[in-house]
Amino acid sequence: MKKLIAFNWKMHPNKLKDVEGVLMAFDGVDIDLDTYEIAIAPPAVYLPLISSVFYELKADISLALQNCSWEHEGALTGELSAEMGKNFGIDYVIVGHSERRTYFGETDEMVNAKAKAVLGAGIMAPIICVGESLTIRNKGKAAIRQHIKKQVIGAMKNLTSDKVVTNKRVIFAYEPIWAIGTGKAATPEQAVEVIAYIKEVIEANYKLSGVRVLYGGSVNAKNIMEFVGQDAIDGALVGGASVDKKELKNILKKLHS
Ligand code: PGA
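Here the structure is a predicted model, which means the values were calculated and not measured.

(A) Focus on the overall build of the chain. Assigned secondary structure in the chain consists of 11 helices and 8 strands. The C-alpha atoms of the chain give a radius of gyration of 17 Å, which matches the 18 Å a tight globule of 257 residues would have. For the chain, the spread of C-alpha atoms along the principal axes amounts to about 45 × 45 × 35 Å. Out of the 257 residues belonging to the chain, those deemed buried represent 51%. Long-range contacts, defined here as pairs at least 24 residues apart, represent 74% of the contacts in the chain between residues at least 6 apart. Accessible surface, the chain as shown: approximately 12200 Å² in total, 52% of it carbon and sulfur. On the chain, the mean spot of the 31 positive side-chain charges and the mean spot of the 30 negative ones are 4 Å from each other.

What follows is the structure in structure tokens.
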């Protein structure tokens, strides 16, 4: 299974010229596509521009949404359905990012409904984010496990095993909240420990093996291989470093063939 490197641009950048500037990081880099799959989750309004730039650059990069509605279609001002994404050629949707949980009140139930909408639309995979706060981390291993298990089970509720097993179409990202945007990444050991636990929970409860789990939280060019180089870690979800042209270029160089 390829390692997935997904770039989460969040609500950046504001200027169109900066979008084009960052994208130039992809120009002339020869990524090892036998080992890695690269996906980009920009603000949705930039998707048409980005897909045409990748076409010009002949860059084989998958497109992702940062969020979607749990509904199929409807009078829901401001929302975007998974199916609209699918029809645009979207391969992944980030679901339940901690910023959505914190600032937009997303619950495990909503995350579950969105994951179902993504699978139902026939998109390759939801990338379901889970992770503990610093308060929970400081309480120790049992508290971390309890929190992670609740989020994983909550997100997976009634996702029919068929859909998941036959297509391996669920991806998780372990993103400890204390590591997001802080410059303080987890250690590879901390990431491996929780990721192994996520896989254990999925195997025990759904008899699923081979579900990919990424690491996210202050990943940059300097540390990406420490995470992605681990057998247990199936890729990375990169935020801030992926909207900085120089840093992104350096990350892509690490994924060079
Ligand atoms: P960061 O964000 O790389 O800026 O820490 C990661 C994320 O939120 O997905």
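(B) Fine view of helix H11 (residues 245-254). Within the span of H11, buried status applies to Leu 248, Ile 251 and Leu 252. For H11, the angular spread of the buried residues around the axis is 95 degrees, confining them to a single face. The secondary structure elements touched by the buried residues of H11 are strand S1 (3-8), helix H1 (16-23), helix H10 (224-228) and strand S8 (235-238). The N-capping residue of H11, defined by a side-chain oxygen 3.1 Å from the backbone nitrogen of Lys 246, is Asp 244.

(C) Layout of the pattern of salt bridges. Here the structure, examined in full by the defined rule, presents 9 salt bridges. We note a salt bridge from Lys 10 to Glu 99, for which the minimum N-O separation is 2.8 Å. Of this pair, Lys 10 sits in the loop between S1 and H1 while Glu 99 sits in helix H4 (residues 98-103), placing them 89 residues apart in sequence. Classification of Glu 99 by relative accessible area gives partly exposed; the value is 25%. Note that Asp 108 and Lys 150 form a salt bridge whose closest N and O atoms lie 3.1 Å from each other. Residue Asp 108 is found in helix H5 (residues 108-121), and its partner Lys 150 is found in helix H7 (residues 141-156); the two are separated by 42 residues along the sequence. Given the relative accessible area of 10%, Asp 108 is considered buried.

Calculation notes
Residues numbered from 1 in each chain as written. Predicted model: local features only at pLDDT ≥ 70, side-chain atom pairs only at ≥ 80, totals over all residues. Heavy atoms only, no water. Helix = DSSP H or I, 4+ residues; strand = E, 2+ residues; numbered from the N terminus. Rg over C-alpha atoms; globule rule 2.2 N^0.38 Å. Buried < 20%, exposed > 50% of the residue type's maximum accessible area, 1.4 Å probe, protein only. Contact = heavy atoms within 4.5 Å. Areas by Shrake-Rupley, 256 points an atom, 1.4 Å probe, with all protein chains shown as cover. Lys, Arg positive; Asp, Glu negative; His and termini not counted. Charge placed at Lys NZ, Arg CZ, Asp CG, Glu CD. Arc of directions from axis to C-beta. Polar contact = N/O pair within 3.5 Å; in protein donor to acceptor, adjacent residues only side chain to side chain. Salt bridge = Lys/Arg side-chain N within 4 Å of Asp/Glu carboxyl O.

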